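Architecture and fold: a report
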Amino acid sequence: MTLTEKDSQYLWHPYTQHKTSQTPIAISRGEGALLWDENGKEYIDAIASWWVNPFGHSNKFIADAVYKQLTTLEHVLFGGFTHEPAVKVAEKLIEILPKNQQKIFFSDNGSTAVEVAIKVALQYFFNKNEKRTTIIAFENAFHGDTFAAMAASGISFYTQAFQGMFIDVVRIPVPVKGQEQASFDALTNVIQNHNCAGFIFEPLVQGAAGMVMYEPEALAKLIQICAANKVLTIADEVMTGFGKTGKTFAMDYVSEVPDMICLSKALTGGTIPMAITTFTQDIFDAFYDDDINKALFHGHTFTANPTGCAAVLASIDLLQTVEMQANIERINASHLEFQKKIENHSKVITARTLGVIFAVEIKSDSEESYYGSMRTKLYNFFIENGVVLRPVGNIVYILPPYIMTNEQLQKVYKTIEEAIEMV
Ligand SMILES: *Cc1c(COP(=O)(O)O)cnc(C)c1O
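Residues numbered from 1 in each chain as written. Predicted model: local features only at pLDDT ≥ 70, side-chain atom pairs only at ≥ 80, totals over all residues. Heavy atoms only, no water.

A word on the sheet that holds strand β16 (residues 395–398)
One key point about sheets: their strands pair by backbone hydrogen bonds, in either a parallel or an antiparallel sense. Using the following cut-off: Pairs of strands are assigned from DSSP output, requiring at least two bridges between the strands. Starting at the N terminus, helices and strands are each numbered in turn, a helix being any DSSP run of H or I of at least four residues and a strand any DSSP run of E of at least two. Axes here mean lines fitted to C-alpha atoms, for a helix over just the part in contact, with angles spanning 0 to 180 degrees between N-to-C directions. The contact criterion used throughout is that any non-hydrogen atoms of two residues lie within 4.5 Å.
If you trace the three strands from one edge of the open sheet to the other, you get β13-β14-β16, paired in antiparallel fashion. Lying at the two open borders of the sheet, with one neighbouring strand each, are β13 (348–354) and β16. Sheet twist, expressed as the average angle between the axes of neighbouring strands with direction ignored, equals 10°. Summarising the sheet, strand β14 (residues 357–362) and β16 pair through four bridges and their orientation is antiparallel. Of the residues in β16, the one forming a bridge with F358 is I398. Across the face of the sheet, helix α12 (residues 322–342) comes into contact with β13, β14 and β16 while running at roughly 165° to β13. Across the sheet, helix α14 (residues 406–422) is in contact with β13, β14 and β16; its angle to β16 comes to roughly 175°.

Concerning the environment of V322
Quick note on the threshold: Accessibility here uses a 1.4 Å probe with only protein chains present; expressed as a share of the type maximum, an area under 20% marks a residue as buried, one over 50% as exposed, and anything in between as partly exposed.
As for its placement among the helices and strands, V322 is situated in helix α12. The exposure class assigned to V322 is exposed, which follows from its relative accessible area of 72%. Measuring from C-alpha to C-alpha, the distance between V322 and S373 comes to 43 Å, with 51 residues separating the pair along the chain.

A short note on the pattern of salt bridges
Going by this rule: By convention in these notes, a salt bridge is any Lys or Arg side-chain nitrogen within 4 Å of a carboxyl oxygen on Asp or Glu.
Scanning the entire structure with this criterion turns up ten salt bridges. The partner of K92 in a salt bridge is E95, with the nearest N and O atoms 3.6 Å apart. Of the two residues, K92 and E95 are both situated in helix α4 (residues 84–96); the distance of three residues between them amounts to about one turn of the helix. Note that K414 and E418 form a salt bridge whose closest N and O atoms lie 3.4 Å from each other. With a gap of four residues between them, K414 and E418 both fall in helix α14, about one helical turn apart. Its relative accessible area of 32% is what places E418 among the partly exposed residues.

Focus on unusual backbone geometry
Backbone geometry at A48 places phi at a positive 50°, although glycine is not the residue there. Within the secondary structure, A48 sits in helix α2 (residues 48–51). For A48, a relative accessible area of 1% translates into the label buried. Located in the positive-phi region is N129, a residue other than glycine, with phi close to 55°.

Description of the environment of T321
Selection rule: Whenever two N or O atoms come within 3.5 Å, that pair is a polar contact, provided that in protein one can donate a hydrogen and the other can accept it, and provided that, for residues adjacent in sequence, both atoms are side-chain atoms.
With respect to the element layout, T321 can be found in the loop between α11 (306–319) and α12. Through-space distance from the C-alpha of T321 to that of N140 is 35 Å; in sequence the pair is 181 residues apart. Of the polar contacts made by the side chain of T321, one reaches the backbone oxygen of L318; its length is 2.7 Å.

Shown next as structure tokens:
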């Protein structure tokens, strides 16, 4: 039996309707921006394996740091204990995060980072004896698949089976060009009519919605409205963090600071599942009390896993090298050139770029659903041509590892151009 056959006997894949989906491709090796399947076929990983892998597959520098940590202290419980890798991660992050971020809380994935932020927003007001239970989120947001994260997510595909079972979430429009005022007005209106605890958003780029982009000035204005009404702001940088937008964090473009930040995905360079939620001193202080009931009773068994922390430290070291920063700029310049070339194509609605993120919307005769027929056609074409891209409906996006070569990038662009001709 091949790996794929054994897989179909035992495994249940994410976001997959097993009755109608194709069999998965068995990948046996990865190096740099490349992956190889069990038959030796080569693929360019143009989406950094779901946005986690900026420094290339099987990165030696991170692997060495992880090996060293595994043979020194692989894990120790974080309740009642601490260790150097966790302290170093905290020191490093506090140094590079927006200035008001002072406390670091570890968990395991993007959804739990969001779950922690939402619970903290709700308990912050509980601890202050204020009744505030509504969370504000954007339309078409994606914040993860655990319950509170899912409640905040607006993509119906992911949440329709659970409607009516969620915490109270009210949605406002994304302030894309031309919609800014509608978004500001909606936020003001929601705050006036609900007891709002927090506002969660993907800063500047909504990833899972299809790399929908909006301007830093608009986000600054939304944060100002929240601050004036003491609504806590949560920047979900799970996708945007660690260089994707061209700066270390998307919030680095914004003149206002959020109360909390969620980090995961590229945090460990795509090696070990880990997440972090960061907080202001003011938030921490609302839980700091003689009364044990005011503590944050949230934790995960592998909280602050030292091996994960070692991967974080190595990843941040890599991100901060002159070479990696130059790579980010190189890819951005290359995307902008491709955007110019393609945005006037008769089959293209629009194209956009921020940092290493590029997206193009392709014209379609029918309303394209998230996993619709155009998406399947495009996906299959890319795979046949040895390029890993996962279109969202009629939107094709690239989010490459920063180490992707110019030659590999050109092959990705060429394959996208051919795909546009094909559909
Ligand atoms: C991927 C993602 C999440 C969820 O992260 P998981 O690790 O998949 O749980 C949350 N927020 C954003 C913005 C994401 O892109």
